[in-house]
Amino acid sequence: MKQKLLAQGAEAKIYLIDSIILKSRTKKSYRHPTLDIKIRKRRTRAEAKILAKALQSKINVPQVIKQDSFNLEIEFLKGDKLSQTLNAYPEKKQFQIMQKLGKQVSLLHQNNIIHGDLTTSNTILKDDKVFVIDFGLGFISRKIEDKAVDIHLIKQALSAKHYQNHEELFKNFLSGYSLEEKQKILERLTAVERRGRYQH
């Protein structure tokens, strides 16, 4: 059995074991042990539920294979992580990918699933489909504000990592992002961005 540490975040360690992703939520010594167990269990359970709900709604996300209190075994998607590869594609392909991502995010939001960390690091291109991964900060919400913050995060990620043509990329993302509340969400996005500017 081959085991490789892929990433170590604030919340969890991510391992690739053969062809399965193991996401293991790590102990936090600064938290009271009882509280720590409760938080880790709750977040593991919440992430598994969100992924199940997204799959049922025909959204491109990895499948949960197995779960216990602190660990999730998730399908490994062998594809291109967009944070690393998007800039290398021809421009036309970049725009098509962003339209596809916009469509996936609109499906998430239609089902009131908020990703919470929507960046190109958490998106994978596999077999010409765009998949959204890592719902560790995800939650369920109907709020326009929460959906606007998700959009703000992807917009920020594009301007930081894909600044060469980030405005066009974001326009294409929005052309794929279609749901009834779109106008309200974009109006709230403007307010979110204004708040961000005042804080710096």
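Residues numbered from 1 in each chain as written. Predicted model: local features only at pLDDT ≥ 70, side-chain atom pairs only at ≥ 80, totals over all residues. Heavy atoms only, no water.

Novice: So what's going on with the side chain of H115? Which residues, and what values?
Specialist: Here H115 shows up in the loop between strand 7 (113-114) and strand 8 (123-126). A distance of 2.8 Å separates the side chain of H115 from the backbone oxygen of I133, its partner in a polar contact. Reaching out from H115, the side chain makes a polar contact with the backbone oxygen of D134 at a distance of 2.9 Å. Look past the residues within four positions of H115 in its chain and what remains in contact with it is N122, V132, I133, D134, F135, L137, G138 and D150. (Helix = DSSP H or I, 4+ residues; strand = E, 2+ residues; numbered from the N terminus. Polar contact = N/O pair within 3.5 Å; in protein donor to acceptor, adjacent residues only side chain to side chain. Contact = heavy atoms within 4.5 Å.)

Novice: Give me the sheet that holds strand 2 (residues 12-17): which residues, what numbers.
Specialist: The five strands are arranged 1-2-3-5-4 in an open sheet whose pairing can be described as antiparallel. One side of each edge strand has no neighbouring strand; the edge strands of this open sheet are strand 1 (3-8) and strand 4 (64-67). With direction set aside, neighbouring strand axes in the sheet form an average angle of 25 degrees. Relative to strand 5 (residues 71-75), strand 3 (residues 20-25) is paired through five bridges, and the arrangement is antiparallel. By the bridge assignment for strand 5, S24 is matched with N71. (Pairing = 2+ DSSP bridges. Axes fitted to C-alpha atoms, helices over the stretch in contact; angles between N-to-C directions.)

Novice: Account for the packing of helix 3 (residues 91-110) against helix 5 (residues 166-176), naming residues and giving values.
Specialist: Taken N-terminus to C-terminus, the directions of helix 3 and helix 5 make an angle of 45 degrees; their axes are 6 Å apart at the nearest point. Between helix 3 and helix 5, the angle is such that the two are oblique. As helix 3 runs across helix 5, the sense of the crossing is right-handed. For the pair formed by helix 3 and helix 5, the contact residues are Q94, F95, M98, Q99, L101, G102, K103, V105 and S106 on the first element and E168, L169, N172, F173, S175 and G176 on the second. (Parallel < 35°, antiparallel > 145°, perpendicular 65-115°, else oblique. Left-handed = near helix turned anticlockwise from the far one by under 90°.)

Novice: Go over the packing of aromatic side chains, please, and point to the residues and values.
Specialist: This structure, assessed with the given rule, holds two aromatic pairs. Taking 6.0 Å as the distance between ring centres and 10 degrees as the angle between the ring planes, the aromatic pair formed by F170 and F173 counts as stacked. Here F170 pairs with F173, and both are found in helix 5, just three residues apart, close to one helical turn. Each member of the pair, F170 together with F173, is buried. Taken together, F170, F173 and Y177 form an aromatic cluster joined through their ring pairs. The cationic tip of R40 hangs over the ring face of F70; the distance from NZ or CZ to the ring centre is 4.0 Å. A cation over an aromatic ring shows up here: K93 above the ring of Y89, its NZ or CZ 4.2 Å from the ring centre. (Phe/Tyr/Trp six-rings, centres within 6.5 Å; stacked < 30°, edge-to-face > 60°. Buried < 20%, exposed > 50% of the residue type's maximum accessible area, 1.4 Å probe, protein only. Lys NZ or Arg CZ within 6 Å of the ring centre and 35° of its normal.)

Novice: Summarise a positive patch on the surface; cite the residues concerned and give the values.
Specialist: Where like charges cluster on the molecular surface, the positive patch consists of K38, K41, R42, R45 and K49. Structurally, K38 can be placed in helix 1 (residues 33-56). (Patch = residues over 30% accessible without salt bridge, like charges linked within 9 Å, V, L, I, M, F, W, Y side chains within 5 Å. Areas by Shrake-Rupley, 256 points an atom, 1.4 Å probe, with all protein chains shown as cover. Salt bridge = Lys/Arg side-chain N within 4 Å of Asp/Glu carboxyl O. Lys, Arg positive; Asp, Glu negative; His and termini not counted. Charge placed at Lys NZ, Arg CZ, Asp CG, Glu CD.)

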